[in-house]
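Structural description and commentary
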Amino acid sequence: MLDQSIPNHPAMHHAYHNIYEQYVHEASFLWILRSIAVGEPHNDINDILTIENRIVVQLDGLMTSMDLGWQVCEQALEILEPGEMFTAMNIAMRSHDSAKIKIAVDAGLSSKAALPGLVSAMGWLTNDIANSWIERFLNGKDMRHKYLGIAACSVRRTDPGDALLAILKREDCIQDVNLYSRALRLVGELRRQDCMPLINGAINSDNDVSQFWANWSAILLGQHANVSYLKPYVFKPGALQDKAIQLAFRVLPVEKAREWISEMAKDEKQSRAVIKSIGVLGDPHAVNWLINKMNDPLYAKLAGEAFMYITGVDFQSNNLVISEPDDYPQIPTDDTYDDIVGLDEDENLPFPDAEKVTSIWQKYGQKFIVGKRYFMGKLITPEFLKECLQNGTQRQRHAAALELAVNESGLPLLNTRARVLS
């Protein structure tokens, strides 16, 4: 660790400057790695924790000289990238200096690209640093500050109390689509039953995004009949399709779910959405169709993942993998959760050996009852879902958290992308 008191000599300052630039560069790059890693199929909690520990070392390095650390952070803010934003906001908040915090917040709120880093930093900080600022943001007059307060509550799963009701009621807040949608979403994440009347009011919103999150939250508050309102989002490619699929097919009765899937399957362009929906539903009825899809390089990996969600069969340990064909296509992702787009969504999924998968299914398939829902090879129970939250890979954890929220009322929806260390 560097000495706390760096000599105030220009030449010495310059010598140390490179070290602090390195800290900023590393912390920002590691944040990008982490935001990709939390959505990948092969990482578990320990993998995320390893990256987080490396981030902590870099941030602590920057704190060894607040003057130099902040100077370098402020320069890095100019490029308005999310990783640099995350690093600068962390240092600003830990400095307890309102002027520095204002610089970081203004930069983050000025750029759509940098905003995820700003929100992520608010999720990363300890309660004693974050809470008082969250309250200030929520009570501020600036709508963007309110958004930051609500988004921080969302990633931390902190209940903003009456401030949430106030935002859902105020006309100027309702007009701000980003703020209103995030507030509607927070109701479901926290399972705030007292907000139900305001959610019902939002279901008729003329804005697609607000309407989606109102229905999403209504379902998490136990109004499962609202799942029919998700149908347009399930069928429409775009940012909300995956979120709609992940919730709808956990709630729909199996027969109804099959009808939706059959209807979707008529459109060749929806093949990926169909495969995902089958995996979420967990009905072994479609397993043979999935195995057939494993013969198509374009869908093989995704079909393999859906098969695993239903049957719990691990391809690597059962030696059901072949090497990727040379002409294997890259699959860009539409997930704008981290605004890191263009990654291959299937990249770290194994490429299944369809022949071997066929014979293993012939051997064990009769254990599964058609028309029942399975998750990772078992009938769904809260105990098993909690086990998956602890030991599963990241995508399995995302699924288990949502499944648990749908099956158990009252518990907040666990944020499986949250900081592991906290």
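Keep in mind it's a predicted model, so treat the numbers as computed, not measured.

For the rest of this paragraph, the subject is the environment of tyrosine 309. Structurally, the position occupied by tyrosine 309 is in helix 19 (residues 300-311). The buried category is assigned to tyrosine 309, whose relative accessible area is 14%. Separated by 27 residues in the primary sequence, tyrosine 309 and glycine 282 have C-alpha atoms spaced 6.8 Å apart.

Let's shift gears to the pattern of salt bridges. Pairing between side chains of opposite charge can happen when the charged atoms of each approach one another. Throughout the structure, instances matching the rule amount to 23 salt bridges. Between aspartate 283 and arginine 258 there is a salt bridge, with the nearest N and O atoms lying 2.8 Å from each other. Placement of aspartate 283 in the loop between helix 17 (271-281) and helix 18 (287-293) and of arginine 258 in helix 16 (residues 254-265) is noted, with a sequence separation of 25 residues between them. Here aspartate 283 matches arginine 258 in class, with each residue buried. Among the charged side chains, a salt-bridge network with shared partners connects Asp242, Arg272, Lys276, Glu345 and Asp346.

The next subject is the nonpolar core. Core analysis: the largest hydrophobic core is formed by 139 residues, its most contacted members being Met89, Met122, Leu247, Phe249, Phe307 and Phe375. Residues in contact with methionine 89, not counting those within four places in the same chain, are Ala104, Val105, Leu118, Ala121 and Met122.

With that out of the way, let us pick up helix 6 (residues 115-124). The element helix 6 is extensively covered by neighbouring structure, given that eight of its 10 residues are classed as buried. Leu115, Pro116, Gly117, Leu118, Val119, Ala121, Met122 and Trp124 are the residues of helix 6 that are buried.

Next up on the list: the side chain of glutamate 84. Structurally, the position occupied by glutamate 84 is in helix 4 (residues 82-95). Although buried, glutamate 84 forms no salt bridge, and the nearest oppositely charged side chain, arginine 54, lies 14 Å from it. Those residues in contact with glutamate 84, other than ones at most four positions away along the chain, are Ser28, Ala76, Leu77 and Ile79.

Structurally, lysine 293 can be placed in helix 18. For the buried lysine 293, which has no salt bridge, the nearest side chain bearing the opposite charge is glutamate 268, at an N-O separation of 4.7 Å. Excluding anything up to four places from it in sequence, lysine 293 contacts Ser271, Ile275, Tyr299, Ala300 and Ala303.

Cut-off values and rules
- Residues numbered from 1 in each chain as written.
- Predicted model: local features only at pLDDT ≥ 70, side-chain atom pairs only at ≥ 80, totals over all residues.
- Heavy atoms only, no water.
- Helix = DSSP H or I, 4+ residues; strand = E, 2+ residues; numbered from the N terminus.
- Buried < 20%, exposed > 50% of the residue type's maximum accessible area, 1.4 Å probe, protein only.
- Salt bridge = Lys/Arg side-chain N within 4 Å of Asp/Glu carboxyl O.
- Core = buried A, V, L, I, M, F, W, Y, C linked by side-chain atoms within 4.5 Å.
- Contact = heavy atoms within 4.5 Å.
- Lys, Arg positive; Asp, Glu negative; His and termini not counted.

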